[in-house]
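Descriptive structure summary
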Amino acid sequence: MASLFRPTLRAVATRALHTQTAAPATAPSALALIRSQPSHYVVASVAGRKYLLTPRDLLTVPRLKDVKVGDVLKLSDIHELGSREYTLRGTPTIPPEQVQVEATVVEHTKGKMETIFKKKRRKGYERTVRHKQTYTRLRIGPIDIVEETSS
């Protein structure tokens, strides 16, 4: 049974070996390759968590208290930038001079009603706490990969 699969695995490994391209040597050349691709994504930190974002995404994060509806936020902690075929990872982040991503505050909203029930057996202790978690919704703008100008 294993001999049936060996030729196909060998053929796949050989085919993969010949189709791989060399990795770009510098960050500007990697950015140029990613810029040439049709769609992009970023992994960015917003409100202390990492999110995989693409343009026009609607992102729900825990409430951001110091922003109003319509404010535009610049995402500065970008950890990874990529396209279908190429990926550039920061160490630990990609500088904001190379990649710019903006997010617009769409609304402040609340989640569903959550009920927390506490009880101690045989003591008559019962507590019910109900609350709604507050959230901020962000619309992700275009991902701008800045071209390096030679000086």
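The paragraphs below set out a description of the structure included in this document. Note that the coordinates shown come from a computational prediction; the quantities given were computed from them, not determined experimentally.

Taken in spatial order, the four strands of this open sheet run S3-S8-S7-S4, and their pairing is antiparallel. Single-partner strands in this sheet number two, and they are strand S3 (58–62) and strand S4 (72–75). Sheet twist, expressed as the mean angle between neighbouring strand axes with direction ignored, is 45°. Pairing between strand S7 (residues 99–120) and strand S8 (residues 125–145): 18 bridges, direction antiparallel. Bridge pairing in S8 places lysine 118 opposite arginine 127.

Per the counting criterion, the structure on display carries zero aromatic pairs. Residue placement shows lysine 120 over the ring face of tyrosine 125; its charged tip is 6.0 Å from the ring centre.

Basis of the calculations
Residues numbered from 1 in each chain as written. Predicted model: local features only at pLDDT ≥ 70, side-chain atom pairs only at ≥ 80, totals over all residues. Heavy atoms only, no water. Pairing = 2+ DSSP bridges. Helix = DSSP H or I, 4+ residues; strand = E, 2+ residues; numbered from the N terminus. Axes fitted to C-alpha atoms, helices over the stretch in contact; angles between N-to-C directions. Phe/Tyr/Trp six-rings, centres within 6.5 Å; stacked < 30°, edge-to-face > 60°. Lys NZ or Arg CZ within 6 Å of the ring centre and 35° of its normal.

Everything listed here is a matter of geometry and, on its own, says nothing about what the molecule does.
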